[in-house]
Amino acid sequence: MSNFSDEQLERYSRHIILPQIGGKGQEKLLASKVLIVGAGGLGSPAALYLAAAGVGTLGIMDGDVVDTSNLQRQILHATKDVGQLKVESAKETLQGINPDVEVLMIPKRINKNNGREIIKDFDIVLDCCDNFETRYLVNDNCILEGKPNVYGSIFRFEGQASLFLPKGPCYRCLFPQAPPPGLVPSCQEAGVLGILPGIIGTIQATEAIKYLVGIGTSMAGRLLLYDALHMSFREVEYKQDPSCPTCGKK
């Protein structure tokens, strides 16, 4: 623990006294690089807790600006940030929480041309996006670069989360094809309980910390389903699809 400053010893003391984390685990977090794709409802709580936990480098990838309608659930941003790039608002908030954290702003959307180049520099990726096209892009690029992918999604009062490891099973094993355009309405069209992404985003951050430190049982091969109206959790096990075009044997 001699590598910590006095301020860090105090800041991370509740982690350091946990036998499962300790000083070595905290050092791993401080040396880690995490990419969060989407600084919205899911990305907000995930980023806040990862910054507070002492993850050394947080990449925040989002091409949007803060809108007043975001403030009901996207707690990285405040009223004063309306009209500002989300990555800029996120950096200001996160560095205010923990100056140890280096926040890398990536003010763009992931696409087939930039995904691998961005993802390759990080230890783990959190898929906090809000559309199917981006989820498949994140999944495929993580497999190609050998990076774990912590998945989360929300709809009205329901959410789900899982962890996809580089060797599979992956998102395409679980959902081989995206639903037809227009079949699943967006949050803007269908609405969403404001606190719902706080639950799922925090679960994503938990999985990331467990992976980075090397503790606990991961959610790989398990899809966690949350129903806020009934306040219930259940899980579904899934396996790798040998014919999966991304992680399968072919």
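Placed above this text is the structure.
Residues numbered from 1 in each chain as written. Predicted model: local features only at pLDDT ≥ 70, side-chain atom pairs only at ≥ 80, totals over all residues. Heavy atoms only, no water.

1. Here's the deal with the pairing of strand β3 (residues 102-106)
And step 1. Note: strand β2 (residues 57-61) against β3, five bridges, orientation parallel. Paired with Gly59 across the strands is Leu104, a residue of β3. (Pairing = 2+ DSSP bridges. Helix = DSSP H or I, 4+ residues; strand = E, 2+ residues; numbered from the N terminus.)

2. So, the side chain of Ser89
And step 1. Within the secondary structure, Ser89 is located in helix α5 (residues 86-97).
And step 2. For Ser89, the side chain forms a polar contact with the side chain of His77, separated by 2.8 Å.
And step 3. With near-sequence residues (within four places) excluded, Ser89 lies in contact with Val66, Leu76, His77, Asp81 and Gln84. (Polar contact = N/O pair within 3.5 Å; in protein donor to acceptor, adjacent residues only side chain to side chain. Contact = heavy atoms within 4.5 Å.)

3. Examining the packing of helix α4 (residues 43-53) against α5
What describes two packed helices is the angle between their axes and the distance between those same axes.
And step 1. It is at 9 Å that the axes of α4 and α5 come closest, and there the two elements cross at 35 degrees. As α4 packs across α5, the resulting crossing turns out to be right-handed. Two secondary-structure elements touch here, α4 through Ala47, Leu48, Ala51 and Ala52 and α5 through Thr93, Leu94 and Ile97.
And step 2. Taken together, the residues of the contact of α4 with α5 sort by class into six nonpolar, one polar and no charged. (Axes fitted to C-alpha atoms, helices over the stretch in contact; angles between N-to-C directions. Left-handed = near helix turned anticlockwise from the far one by under 90°. Nonpolar A, V, L, I, M, F, W, Y, C, P; charged D, E, K, R; others polar.)

4. As for the pairing of strand β6 (residues 158-164)
And step 1. Summarising burial for β6: six of the seven residues are buried, a large majority.
And step 2. Looking at chain direction, strand β5 (residues 149-155) and β6 are connected through seven bridges and run antiparallel. Each bridged residue has a counterpart across the sheet, and for Gly152 the counterpart in β6 is Ala161.
And step 3. Note: β6 against strand β7 (residues 222-227), four bridges, orientation antiparallel. What sits directly across from Gly159, in β7, is Tyr226. (Buried < 20%, exposed > 50% of the residue type's maximum accessible area, 1.4 Å probe, protein only.)

5. What about the sheet that holds β6?
And step 1. The strand order across the open sheet built from eight strands is β3-β2-β1-β4-β5-β6-β7-β8, with neighbouring strands paired in mixed fashion. Both outer strands of the open sheet, β3 and β8 (232-237), are each paired with one neighbouring strand and no more. Averaged over all neighbouring strand pairs, the angle between strand axes comes to 15 degrees, with direction disregarded.
And step 2. For strand β4 (residues 124-127) and β5, the ladder comprises three bridges, and the chain directions are parallel. Looking at β5, one finds that Leu126 is bridged to Val150.
And step 3. Against the sheet, α4 touches β1 (33-37), β2 and β4, its axis set at about 165 degrees to β1.
And step 4. Across the sheet, helix α7 (residues 132-145) is in contact with β1, β4, β5 and β6; its angle to β5 comes to roughly 170 degrees.

6. Looking at the packing of aromatic side chains
And step 1. Enumeration according to the criterion identifies seven aromatic pairs in this entry.
And step 2. Aromatic ring contacts, followed pair by pair, group Tyr136, Tyr151, Phe164, Tyr171, Phe175 and Tyr238 into a single cluster.
And step 3. In this structure, Lys33 packs its charged tip against the face of Phe122, placed 5.6 Å from the ring centre.
And step 4. Directly above the ring of Phe132 sits Arg135, whose terminal nitrogen or CZ lies 5.0 Å from the centroid. (Phe/Tyr/Trp six-rings, centres within 6.5 Å; stacked < 30°, edge-to-face > 60°. Lys NZ or Arg CZ within 6 Å of the ring centre and 35° of its normal.)

7. A few points about the side chain of Glu207
And step 1. Within the fold, Glu207 resides in helix α10 (residues 196-213).
And step 2. Contact partners of Glu207, with chain neighbours within four places excluded, come to Val150, Leu163, Thr217, Ser218 and Met219.

8. Focus: a nonpolar patch on the surface
And step 1. Together, Phe157, Leu193, Ile195 and Leu229 make up an exposed nonpolar region whose accessible area comes to about 380 Å².
And step 2. Here Leu193 lies in the loop between α9 (187-190) and α10.
And step 3. By relative accessible area, Leu193 is classed as partly exposed at 31%. (Patch = residues over 30% accessible without salt bridge, like charges linked within 9 Å, V, L, I, M, F, W, Y side chains within 5 Å. Areas by Shrake-Rupley, 256 points an atom, 1.4 Å probe, with all protein chains shown as cover. Salt bridge = Lys/Arg side-chain N within 4 Å of Asp/Glu carboxyl O.)

9. A look at the pattern of salt bridges
And step 1. On inspection of all chains with the given rule, the structure shows ten salt bridges.
And step 2. Lys120 is the partner of Asp121 in a salt bridge, and the nearest nitrogen-oxygen pair spans 3.2 Å.
And step 3. The class of Asp121 is partly exposed, set by a relative accessible area of 40%.
And step 4. For Lys120, a relative accessible area of 35% corresponds to the partly exposed category.
And step 5. Within the structure, one salt-bridge network assembled from shared partners comprises Lys80, Asp81 and Glu92.

10. Thoughts on the nonpolar core
And step 1. Counting 41 residues, the largest nonpolar core has Val34, Ile36, Leu50, Leu58, Ile60, Leu94 and Leu126 as its most contacted members.
And step 2. In terms of residue count, the dominant contributor to this core is α10 (eight residues).
And step 3. If we skip the residues at most four places from it in the chain, Leu126 touches Val34, Leu35, Ile36, Val37, Ala46, Leu50, Val150, Gln204, Ala205 and Ala208.
And step 4. Within the second largest apolar cluster, twelve residues are counted, among which are Leu35, Val125, Leu137 and Val138. (Core = buried A, V, L, I, M, F, W, Y, C linked by side-chain atoms within 4.5 Å.)

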